Structure formats: C-alpha cells, structure tokens
Amino acid sequence: MKIAQFASVGQPDQVIECVEAPDLGEPKENEVLIDILAFPINPADVLILEGKYGVAYKLPSRLGAESVGKVNKIGKNIKDFNVGDIVLPLDRENWVQQKMVLASNLVLLPKNVDILQLSMMKVNPATAYLMIKKYVKLNKNDWIIQDAANSGVGHSVISIAKNLDLKTINIVRRVGLEEGLKNIGADVVLLDNNNLSDSVKKLTDNANVKLALDAVGGDQVLRIGDCLEDEATILNYGLLSGKNIEISSHQTVFKRIILTGFWLMPWLQNMEKKEIIEMYAYLSSLIEKDIIHVPVEKTYPIEDIKQAVAHAAKYGRNGKIIVTPNGDNFSG
Ligand SMILES: NC(=O)c1ccc[n+]([C@@H]2O[C@H](COP(=O)([O-])OP(=O)(O)OC[C@H]3O[C@@H](n4cnc5c(N)ncnc54)[C@H](OP(=O)(O)O)[C@@H]3O)[C@@H](O)[C@H]2O)c1
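Residues numbered from 1 in each chain as written. Predicted model: local features only at pLDDT ≥ 70, side-chain atom pairs only at ≥ 80, totals over all residues. Heavy atoms only, no water.

**Notes on the pairing of strand S3 (residues 31-40)**
Successive residues of a regular strand alternate their side chains across the two faces of the sheet.
Phase 1 of the analysis: Burial analysis of S3 places 10 of its 10 residues in the buried class, which makes it a mostly covered element.
Phase 2 of the analysis: Bridge count for S3 against strand S7 (residues 98-102) is five bridges, and the pairing is antiparallel. Considered in S7, the bridge of Leu33 is made with Met100. (Buried < 20%, exposed > 50% of the residue type's maximum accessible area, 1.4 Å probe, protein only. Helix = DSSP H or I, 4+ residues; strand = E, 2+ residues; numbered from the N terminus. Pairing = 2+ DSSP bridges.)

Dropping the structure here:
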C-alpha cells in the first residue's frame, strides 16, 4: 500500500514523499482495518513539514491529523462496527491508503453524506464548535469576531454560529469574498484595515463583541482588541502571519481583555468518548443538511502528494486541497 511520509523537514513539497509500505494483514481482536477515502491538507500539516509545529517527530514519519475511512475488515471482538461502515479515525497518521485502528479510536459516521466534507470534519468544524461553545457564555444574537474568515475554520464558525443564532463579524485579507461568506450566513464581512474598530461599529450599529477568534496573530490582534467590549475573550488558535501576537496594555488593563489559546489536540484527549461522539454527530448532521459546507478547490491522488502539498501551501486558494488515496469513486 502507498503512504505519504517525510524523512526531513524543509520546503513542504520537497520533503513529502509517496512511498510503498508493507500491507497491514489481519486485524487483531479489537482492531479495525480501514480504507482511507479522503484526507485534507491543513496548514498544520504544512507547518509540520517545515519543522515549525509544536510537536517533535521521529523521522521518517507519517502525518495527517484527519481523514474519513471505510471499514474493510474487523477483529473478532468488534461489535460496534461492520464492514462498509463510514468512520472517523481519532488518531493521527492519516495520509495512507489503509490503516489499522483500535475500535476505541473510531467514531461511526452516517452513510450517504458527502465524503469530502466528512474528511474535513474532525479538525476544523470541531475547532469552531469548541471555541464557540466552551469559553464564553453566548446568548442569542451575541456577536463573535474572527479573522482568516474564508478559511476552513472560518467557514465552520460562520455556519455553526448561524445555526446557534449567533452573529459573526468576518475579517478577510482580500477582496471578492463577501458574497460567498454572506451566502453561508456571515452577518458582516470586511477587509482588514487600520480603522477596523470604526468599520465594525458602523457595520454592526455599535454591537458589543464578547468573543474574538484569531488565527493570524501579529498586529491583527491589536486591531481586533479595539473592536471588543470590556472583559471580552480573544482565543488565538493559529499563527498564519508567523508573527507573535500584539496586544496593548490599554486592552489588557483598562478593558481587561482575556487572551488565551485554543488547541484541539488536548481537547480531544481530555473529552469523554461520549461527548466526542455527540459533538461529531451534531457536526455531521450539519454537513448532511449542507449547513456546514467548506469549498474544495481540488482533489489529488496520493501519488501526487507533492503537487497536492504545494497547492495547499498557496496564497488565495478558493477551497481546501483533498487527497483521495483510494480513488474518487467512494461507492466502489
Ligand atoms: N489550534 C487548533 O487546534 C487548530 C485547529 C484547526 C485549525 N487551526 C489553524 O486554523 C488556521 C486555519 O486553518 P484552515 O485549515 O481553516 O485553513 P485553510 O482552509 O487552509 O485556509 C487558510 C486561510 O488562511 C488565510 N491566511 C493565510 N495567511 C494569512 C495571513 N497572513 N493573514 C490573514 N489570513 C491568512 C488564507 O487566506 P487567503 O484565502 O486570502 O489566502 C485562508 O483563508 C490555521 O492557522 C490552522 O493551523 C488550528
């Protein structure tokens, strides 16, 4: 079978390789053999290949935080899964054609739901969901502000917020995105600018904003801080600008803004399995109803992993890059 791996860090499309690995054989009693149907290439994967992610890797290493798979074979103690089931692996190393997973690390997904959308559900929609639900008590019609609003996470934030009757202010860095984001439920979409708080006040009729979601860092956070009400929370969850967060003493002392970080990995490690299953049941129901729908720019076979990674690292994409390691015919 084919897998993607990296033996050194550096320019992502140069260090990633598609190589042959031994077949996995028969599942042990509590294991499930799955065929990976699709996996996205996320910014964190690119950071890992560059050697800039917060986790050390023993090289050569497989990677890939998420995927969606189909059960191929089950071990003799397996009761909760059947051959042909669609499943979400909770473990990593998903950039492969097949993997052996402990049943306790799988979540059963509904059949007949868009496979490409399901392949992106573990990380970004869950990140959006947990950031909206777990940090600040939000009431109907409360406002959230976010940057990088046209990202996968950004799309999920807009869709989930809309579904929960919350309103969103969405900052983007280039023109041409307003209509698309408003179509999925964004209330306000605006280009980042030096008078961000004035623009936000005008467009929201002076709304009080309690929660900010930041994936950019740098001085973007300073400008967002000025848009927030006293004692609001900023959740930083990404480092897209590559720059450390800037925040002013006025914001931390006089406005008592709370700045903290969000990382999905410890959340998934610490949540009860029941809560994880409930969260993904909610998110897959939103995908099934087409409420969460993240644009896909292109799919690639695993043999073209270098081109796929190079494409994912490009500026101004209009959707995610997805690899379909066993082909595009998901019904076969
Ligand atoms: N902490 C966590 O647990 C966690 C979980 C999931 C995701 N994340 C982070 O969330 C962020 C988004 O991930 P994703 O998969 O949703 O991304 P994505 O769909 O691949 O899209 C990347 C987005 O980032 C924007 N962008 C890139 N550099 C930027 C910059 N310097 N300033 C402003 N915008 C910039 C791009 O805008 P253009 O379209 O204009 O190029 C695009 O909208 C990443 O930083 C990722 O690492 C973190």
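**Side note on the site of the ligand**
Phase 1 of the analysis: What surrounds the ligand is a group of 24 residues, the closest being Asn150, Gly152, Arg173, Leu264 and Lys320.
Phase 2 of the analysis: Measuring from an oxygen atom of the ligand, one finds a backbone N or O atom of Ser151 at 3.3 Å.
Phase 3 of the analysis: In isolation the ligand offers 930 Å² of accessible surface; the protein chains occlude 87% of this area.
Phase 4 of the analysis: Across the shell around the ligand, the residue classes break down as 11 nonpolar, nine polar and four charged.
Phase 5 of the analysis: Lining the shell around the ligand are residues from two domains, each supplying at least three of them: domain 1 (2-120 + 295-323) and domain 2 (125-264). (Near = heavy atom within 4 Å. Polar contact = N/O pair within 3.5 Å; in protein donor to acceptor, adjacent residues only side chain to side chain. Areas by Shrake-Rupley, 256 points an atom, 1.4 Å probe, with all protein chains shown as cover. Nonpolar A, V, L, I, M, F, W, Y, C, P; charged D, E, K, R; others polar. Domains from an automatic or database assignment.)

**Side note on the domain arrangement of the protein chain**
Phase 1 of the analysis: The domain architecture assigned to the protein chain consists of domain 1 (2-120 + 295-323) and domain 2 (125-264).
Phase 2 of the analysis: Each of domain 1 and domain 2 has a C-alpha centre, and the two are 30 Å apart.
Phase 3 of the analysis: Of the roughly 690 Å² buried between domain 1 and domain 2 on both sides combined, carbon and sulfur atoms contribute 60%.
Phase 4 of the analysis: Across the domain 1-domain 2 interface, the total number found is zero salt bridges.
Phase 5 of the analysis: The interface formed by domain 1 and domain 2 includes two residue pairs in polar contact (both at pLDDT 80 or more).
Phase 6 of the analysis: For the side of domain 1 that touches domain 2, a count of residues per class yields six nonpolar, two polar and one charged. (Buried area = accessible area lost by both parts, 1.4 Å probe. Salt bridge = Lys/Arg side-chain N within 4 Å of Asp/Glu carboxyl O.)

**Overview of the pairing of strand S15 (residues 296-300)**
Phase 1 of the analysis: Across four bridges, the pairing between S15 and strand S16 (residues 320-323) is parallel. Each bridged residue has a counterpart across the sheet, and for Val296 the counterpart in S16 is Lys320.
Phase 2 of the analysis: Crossover connection from S15 via helix H12 (residues 305-312) to parallel S16: handedness right-handed. (Right-handed = clockwise from strand over helix to strand, strands pointing away.)

**Concerning the sheet that holds strand S1 (residues 2-6)**
Phase 1 of the analysis: Within the open sheet, the three strands sit side by side as S2-S1-S4. Their pairing is antiparallel. Unpaired on one side and paired on the other, strand S2 (16-20) and strand S4 (61-62) mark the two borders of the sheet.
Phase 2 of the analysis: Across five bridges, S1 lies against S2 in antiparallel orientation. Bridge assignment links Gln5 to a residue of S2, and that residue is Glu17.
Phase 3 of the analysis: Docked against the sheet, H12 engages S1 and S2, running at close to 155 degrees with respect to S2. (Contact = heavy atoms within 4.5 Å. Axes fitted to C-alpha atoms, helices over the stretch in contact; angles between N-to-C directions.)

**Overview of the environment of Ile115**
Phase 1 of the analysis: Secondary-structure assignment places Ile115 in helix H3 (residues 115-119).
Phase 2 of the analysis: Residues Ile115 and Ile160, spaced 45 residues apart in sequence, show a C-alpha to C-alpha distance of 19 Å.
Phase 3 of the analysis: Look past the residues within four positions of Ile115 in its chain and what remains in contact with it is Leu37, Ala38, Val68, Ile86 and Phe330.

**Structural notes on helix H11 (residues 273-288)**
Phase 1 of the analysis: An ideal rise of 1.5 Å per residue puts 22 Å on 16 residues; H11 measures up with 22 Å between its terminal C-alpha atoms.
Phase 2 of the analysis: Of the residues making up H11, those classed as buried are Ile276, Met279, Tyr280, Leu283, Ser284, Leu286 and Ile287. Viewed along the axis of H11, the buried residues span an arc of 150 degrees, placing them on a single side of the element.
Phase 3 of the analysis: Contacts from the buried residues of H11 go to strand S6 (86-89), strand S8 (106-109), H3, helix H4 (124-134), helix H5 (152-163) and helix H10 (264-270).
Phase 4 of the analysis: Asp290 occupies a position one or two residues after H11 and carries a positive phi of about 65 degrees. (Expected span 1.5 Å × (residues − 1). Arc of directions from axis to C-beta.)

**As for the pattern of salt bridges**
Phase 1 of the analysis: Under the counting rule described, the total for this entry stands at 15 salt bridges.
Phase 2 of the analysis: Between Glu20 and Lys2 there is a salt bridge whose closest N-O contact spans 3.6 Å. One end of the pair, Glu20, is in strand S2; the other, Lys2, is in strand S1, with 18 residues separating them in the sequence.
Phase 3 of the analysis: Using a relative accessible area of 25% as the deciding quantity, one classes Lys2 as partly exposed.
Phase 4 of the analysis: The salt bridge involving Glu178 is made with Lys182; its shortest N-O contact spans 3.1 Å. Of this pair, Glu178 and Lys182 both sit in helix H6 (residues 178-183), four residues apart, which is roughly one turn of the helix.
Phase 5 of the analysis: Through salt bridges with shared partners, a single ionic network connects Lys2, Glu20 and Glu303.

**Observations concerning the sheet that holds strand S10 (residues 167-172)**
Phase 1 of the analysis: Sheet architecture is open: six strands sit in the order S11-S10-S9-S12-S13-S14, paired in parallel fashion. If you trace the sheet from one side to the other, it starts and ends with strand S11 (188-191) and strand S14 (258-261), each paired once. Strand after strand, the sheet turns through a mean of 20 degrees between neighbouring axes, direction not considered.
Phase 2 of the analysis: As paired strands, strand S13 (residues 233-236) and S14 are joined by four bridges and run parallel to one another. If you follow Ile234 over to S14, its bridge partner there is Leu259.
Phase 3 of the analysis: Sheet strands touched by helix H7 (residues 196-204): strand S9 (143-146), S10 and S11. Its angle to S11, the strand with the most contacts, is close to 155 degrees.

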